[in-house]
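Survey of secondary and tertiary structure
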Amino acid sequence: MDGQGHGGVDNEKVKITRGRRSWTRAEEDALIQCLTMIVNEGWKADNGFKAGFQRELEKGMKRLLPGTDICATPHINSKIHVWKKEYGTLSDLLSKSGIG
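Residues numbered from 1 in each chain as written. Predicted model: local features only at pLDDT ≥ 70, side-chain atom pairs only at ≥ 80, totals over all residues. Heavy atoms only, no water.

Description of the nonpolar core
Of all hydrophobic cores here, the largest spans twelve residues; its members are Trp23, Ala30, Leu31, Cys34, Leu35, Ile38, Phe53, Leu57, Met61, Ile70, Ile76 and Ile80. Every element with two or more residues in this core is listed here: helix 1 (25-40), helix 2 (53-64) and helix 3 (72-95). Here this core gets five residues from one element, more than from any other, and that element is helix 1. Isoleucine 80 has contacts with Leu35, Phe53 and Leu57, leaving out every residue within four places of it along the chain. (Core = buried A, V, L, I, M, F, W, Y, C linked by side-chain atoms within 4.5 Å. Buried < 20%, exposed > 50% of the residue type's maximum accessible area, 1.4 Å probe, protein only. Helix = DSSP H or I, 4+ residues; strand = E, 2+ residues; numbered from the N terminus. Contact = heavy atoms within 4.5 Å.)

Next comes the structure, spelled out in C-alpha cells:
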C-alpha cells in the first residue's frame, strides 16, 4: 500500500470538515409544526422559550419525520438562528417608508 486513498489523495493530508445541512421544505414545515406545539404546551416564556425547548423540538421532529437525523444542536439551534436573522432583516425593510 502506498498511503494513497481513492483518487490518488494522500490519506494523511485529507481534512475532514462538517458540511452545512440543507433543510427540505418538509423538514422546515415539521419544525414550524413542532414550534406551534411547544408554544401551545406552555414552553413559551415572556422572554423566549424555557430551557430544554430544543430537546422537545427534536423529539417532535423525530415523531413527525421518523428516521430524521436532525438534532437539537446544531441543526435546530442553527435553523432558529437563521430564521431570527431573516425576520429581523425583513422587519427592518418593511418598517421603511415606501416598502410593503
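Here the narrative resumes, following the displayed structure.
So, the pattern of salt bridges
Going through the model one piece at a time under the given rule, you end up with six salt bridges. Across the salt bridge formed by arginine 21 and glutamate 27, the nearest N and O atoms sit 3.0 Å from each other. Residue arginine 21 is classed as partly exposed on the basis of its relative accessible area of 26%. Here lysine 79 makes a salt bridge to glutamate 28, at a shortest N to O gap of 2.8 Å. With a gap of 51 residues between them, lysine 79 in helix 3 and glutamate 28 in helix 1 connect regions that are remote in the sequence. (Salt bridge = Lys/Arg side-chain N within 4 Å of Asp/Glu carboxyl O.)

Let's talk about the packing of aromatic side chains
A full pass over the atoms with the stated rule returns one aromatic pair. Measuring from centroid to centroid gives 4.7 Å for phenylalanine 49 and phenylalanine 53, while their planes differ by 15°, and the two rings are stacked. Overall, phenylalanine 53 belongs to the buried group, its relative accessible area being 14%. Looking at arginine 21, its charged tip hangs above the ring of tryptophan 23, at a distance of 5.8 Å from the centre. It is lysine 44 that lies over the ring of phenylalanine 49; its NZ or CZ is 5.4 Å from the centre. (Phe/Tyr/Trp six-rings, centres within 6.5 Å; stacked < 30°, edge-to-face > 60°. Lys NZ or Arg CZ within 6 Å of the ring centre and 35° of its normal.)

Concerning helix 2
Between the first and last C-alpha of helix 2 there are 16 Å, a value that for twelve residues agrees with the 16 Å anticipated at 1.5 Å per step. Within helix 2, the full set of buried residues consists of Phe53, Gln54, Leu57, Glu58, Gly60 and Met61. Here the buried residues of helix 2 occupy an arc of 165° about the axis, which is enough to place them on one side. Turning to helix 2, the residues buried within the fold contact helix 1, strand 2 (48-49) and helix 3. (Expected span 1.5 Å × (residues − 1). Arc of directions from axis to C-beta.)

A look at helix 1
In a regular helix each residue adds 1.5 Å, so 16 residues correspond to 22 Å; helix 1 covers 23 Å between its end C-alpha atoms and thus fits that length. Elements in contact with the buried residues of helix 1: strand 1 (44-45), strand 2, helix 2 and helix 3. Directly after helix 1, the chain includes glycine 42, whose backbone phi takes a positive value near 95°.

By themselves these figures say nothing about function.
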